[in-house]
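# Summary of structural features
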Amino acid sequence: MPRDLPSDVHAVLTQLADEGETAIIAAEFDTARQTVATAETVSRNKLPECDLRSRLLHGCEQVNTALDNDHPDAAAEYLRAMNRRLAAVDDC
């Protein structure tokens, strides 16, 4: 874990991505949107300007766009991609 990404922030973002995907699979799209909004807020407020922050914010935006366009599978895949990025993070 990089020194710029505290373990609690990493854990919260990973949990939010998991919860968002679970909500989408359960067709609970309002819950998914709330979860993604929280992930966006955490990313904006707790991550420094870096590639990880940019990618996570982009992912949040794409999840919302996919849900707006009735593409829940694409939204879930964006959340899985965000989790893969978090799992692979070695620098912020």
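Criteria and thresholds
- Residues numbered from 1 in each chain as written.
- Predicted model: local features only at pLDDT ≥ 70, side-chain atom pairs only at ≥ 80, totals over all residues.
- Heavy atoms only, no water.
- Salt bridge = Lys/Arg side-chain N within 4 Å of Asp/Glu carboxyl O.
- Helix = DSSP H or I, 4+ residues; strand = E, 2+ residues; numbered from the N terminus.
- Buried < 20%, exposed > 50% of the residue type's maximum accessible area, 1.4 Å probe, protein only.
- Disulfide = S-S within 2.5 Å.
- Axes fitted to C-alpha atoms, helices over the stretch in contact; angles between N-to-C directions.
- Parallel < 35°, antiparallel > 145°, perpendicular 65-115°, else oblique.
- Left-handed = near helix turned anticlockwise from the far one by under 90°.
- Contact = heavy atoms within 4.5 Å.
- Core = buried A, V, L, I, M, F, W, Y, C linked by side-chain atoms within 4.5 Å.

In the nomenclature of an unreviewed UniProt entry, the protein is known as DUF8101 domain-containing protein of Haloarcula hispanica.

## A few points about the pattern of salt bridges
Inspection of the entire model under this criterion finds eight salt bridges. A salt bridge links D51 to R55, with the nearest nitrogen and oxygen atoms 2.7 Å apart. Taken together, the positions of D51 and R55, both in helix α3 (residues 51-68) and four residues apart, correspond to about one turn of that helix. Classification of D51 as partly exposed rests on a relative accessible area of 38%. E77 is the partner of R84 in a salt bridge, and the nearest nitrogen-oxygen pair spans 3.0 Å. Relative accessible area serves as the criterion here: at 32%, E77 is assigned to the partly exposed category. Residues participating in the shared-partner salt-bridge network are E21, E77, R80 and R84.

## Thoughts on the state of the cysteines
Within the structure shown, the criterion is met by zero disulfides. Summary of cysteine pairing: C60 is not part of a disulfide, and the nearest cysteine sulfur, belonging to C50, is at 13 Å. Taking relative accessible area as the criterion, C60 reaches 0% and is therefore assigned buried.

## Topic: the packing of helix α1 (residues 7-25) against helix α4 (residues 72-88)
Where α1 contacts α4, the axes come no closer than 9 Å and their chain directions differ by 160°. It follows that α1 is roughly antiparallel to α4 by the angle criterion. Note on packing geometry: the crossing formed by α1 with α4 is left-handed. Contacts from H10, L13, T14, A17, D18, G20, E21 and I24 of α1 reach α4 at P72, A75, A76, L79, R80, N83, L86 and A87.

## A short note on the nonpolar core
Ranked by internal contacts, the top residues of the largest apolar core, which has 25 residues, are L13, I24, L47, L52, L56, V63 and L79. Listed by contribution, the elements that provide at least two residues to this core are α1, α2 (29-46), α3 and α4. Residues within four places of I24 in sequence aside, it is in contact with F29, A32, V63, L67, P72, A75, A76 and L79.

## Re unusual backbone geometry
Within the chain, A27 stands out as a residue other than glycine whose phi angle is a positive 60°. Note on placement: A27 falls in the loop between α1 and α2. At D70, a residue that is not glycine, the phi angle is positive and equals roughly 60°. Within the secondary structure layout, D70 lies in the loop between α3 and α4. Exposure remark for D70: the relative accessible area of 60% places this residue in the exposed category.

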